[in-house]
Amino acid sequence: MKRSTDRILTTHVGSLIRPAELQEFLRAVQGGKPYDENAYQQCLTDTVAAVVKQQADTGIDVPSDGEFGKSISWAQYALTRLSGFERRPIREDKANPFKRGADRTRFAEFYAELDAKEAVSTTTEAICTGPISYSGLGELNRDIANFKAALGKVNVAEGFLPVAAPASVIPDRKNEFYKTDEELQAAIAGAMRTEYKAIIDAGLVVQLDDARSAVTYDRMVPPGTFDDYKSWLEKQIEIMNEAVKGLPQEQIRYHVCWGSWPGPHVSDVPLKDIVDIILKAKVGAFVIEGANPRHEHEWKVWKNARLDGRVLIPGVISHATNVVEHPELVAERIVRLANLVGRENVIGGTDCGFAQGPFYRRVHPTVMWAKLEALVAGARLASAELWGRAAA
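It should be emphasised that the depicted structure is a prediction, and the values quoted were computed from it without experimental measurement.

Details of helix 1 (residues 20-31)
Helix length check: helix 1, at 12 residues, gives a terminal C-alpha distance of 16 Å against a target of 16 Å (1.5 Å per residue), a fit within 8%. Restricting attention to buried positions, one finds in helix 1 the residues L22, Q23, F25, L26 and A28. Elements in contact with the buried residues of helix 1: helix 2 (37-58). Following helix 1 by one or two positions, G32 adopts a phi angle in the positive range, close to 70°.

Brief notes about the packing of aromatic side chains
The geometry of two aromatic rings is summed up by the distance between their centres and the angle between their planes. Going through the model one piece at a time under the given rule, you end up with eight aromatic pairs. Ring centres of F226 and Y229 lie 6.1 Å apart, and the angle between their planes is 50°; this geometry places the pair in the tilted category. With F226 and Y229 both in helix 8 (residues 226-243), this residue pair falls three residues apart, about one helical turn. Judged by its relative accessible area of 0%, Y229 falls in the buried class. In this structure an aromatic cluster arises from ring pairing among Y217, F226, Y229 and W232. If you follow K70 out to its NZ or CZ, it ends over the ring of Y77, 4.3 Å from the centre.

So, the packing of helix 2 against helix 11 (residues 365-387)
Where helix 2 meets helix 11, the closest approach of the two axes is 9 Å, and the angle between their N-to-C directions is 40°. Of the possible angle classes, the one that applies to helix 2 and helix 11 is oblique. Residues V51, Q54, Q55 and T58 of helix 2 form the contact with helix 11, whose own contacting residues are W369, L372, E373 and V376. Classifying every residue of the contact of helix 2 with helix 11 gives four nonpolar, three polar and one charged.

Notes on the sheet that holds strand 2 (residues 85-89)
Strands sit in the order 2-3-5 across an open sheet of three strands; the sheet is mixed. The sheet terminates laterally at strand 2 and strand 5 (174-175), the two strands that pair on one side only. Here strand 2 pairs with strand 3 (residues 124-128) via five bridges, running antiparallel. If you follow R88 over to strand 3, its bridge partner there is E125.

Here's the deal with the nonpolar core
Among the nonpolar cores identified, the biggest contains 107 residues, and L82, F85, I132, L208, Y254 and W302 are the most heavily contacted of them. Among all residues touching L208, those that are not within four sequence positions of it are V163, A165, Y196, M240, V244, I252, R253, Y254 and H255. L9, V287, I313 and I347 belong to the second-largest nonpolar core, a separate cluster that totals seven residues.

Criteria and thresholds
- Residues numbered from 1 in each chain as written.
- Predicted model: local features only at pLDDT ≥ 70, side-chain atom pairs only at ≥ 80, totals over all residues.
- Heavy atoms only, no water.
- Helix = DSSP H or I, 4+ residues; strand = E, 2+ residues; numbered from the N terminus.
- Expected span 1.5 Å × (residues − 1).
- Buried < 20%, exposed > 50% of the residue type's maximum accessible area, 1.4 Å probe, protein only.
- Contact = heavy atoms within 4.5 Å.
- Phe/Tyr/Trp six-rings, centres within 6.5 Å; stacked < 30°, edge-to-face > 60°.
- Lys NZ or Arg CZ within 6 Å of the ring centre and 35° of its normal.
- Axes fitted to C-alpha atoms, helices over the stretch in contact; angles between N-to-C directions.
- Parallel < 35°, antiparallel > 145°, perpendicular 65-115°, else oblique.
- Nonpolar A, V, L, I, M, F, W, Y, C, P; charged D, E, K, R; others polar.
- Pairing = 2+ DSSP bridges.
- Core = buried A, V, L, I, M, F, W, Y, C linked by side-chain atoms within 4.5 Å.

Dropping the structure here:
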């Protein structure tokens, strides 16, 4: 994994807004409607090449493929790559797990209005009905090949592919096959290791996306206690560590956020209460949300938290507002963290993905690119301050 050895490098969380020509095919794929398979694959190859080039032209040092190859969301996509799951419609609105949580309980009127304007994306539930194994090598190898071909045409530091961490794979899944949920989780982790290893073996950095690690506090407490949640989180880190055991840590990033939905988030678990558990992850870098009004103050956590030589990729750009951050603010966010953990240990990033699936986005595409431009400009300003004007 590259480090900021002579200037602050830039990256993001991974998911980018899909172009209209690709969405047309993805709607057909999701809806089970007929489409031209060869035309779809060519469109996917072309759009990945275009989005990687645009990232490079913008100045992003460590780009992704935008998650363009996933026909469902960042977490549900695993349904197309794991055997053993069955999808069933959620028949009652109150049964939808995406409509639960302390935040939704406190702000019920707000969420009723939000849901009326922006429907909850998940309308089916996933049930494990048989043994889990990895069955998505065809899709995975295609995505790797498309991304590496695109990287070969640009000048960047390296590339990363974001995939779901075990705890976030098909969240709110139900178990009708394994004796215990722990057995189910272990089976998922064992299967997903195939994906993690293949990405690393291809010479890429793998990013394990794990919004569920922090979001579960909102779903669990109350009625559960913080100790209940802490025990759960510690177990998830253990399971993830087992999934990456023996894989090179320096090629693994771990992304933690508090969910991307545009809500109050007053029930988010504080970073200071879980950072010690998160840092037990056997990875080389931590991609942590930190640019939004609910969590920006948590940069102070890094005064005492120990990275032990690993990399911090803080969110210095928010994915959830159309207001474009000023580069001077971006630089300020970077510099204060670099002064705490060392400039070589910081890479500028974003809070979360700009698109939570093929058809869900938080900002307009033109705003997304303006935000990434602000990230690059802010990193240059930070580099000038941290290394001297010649470094910028």
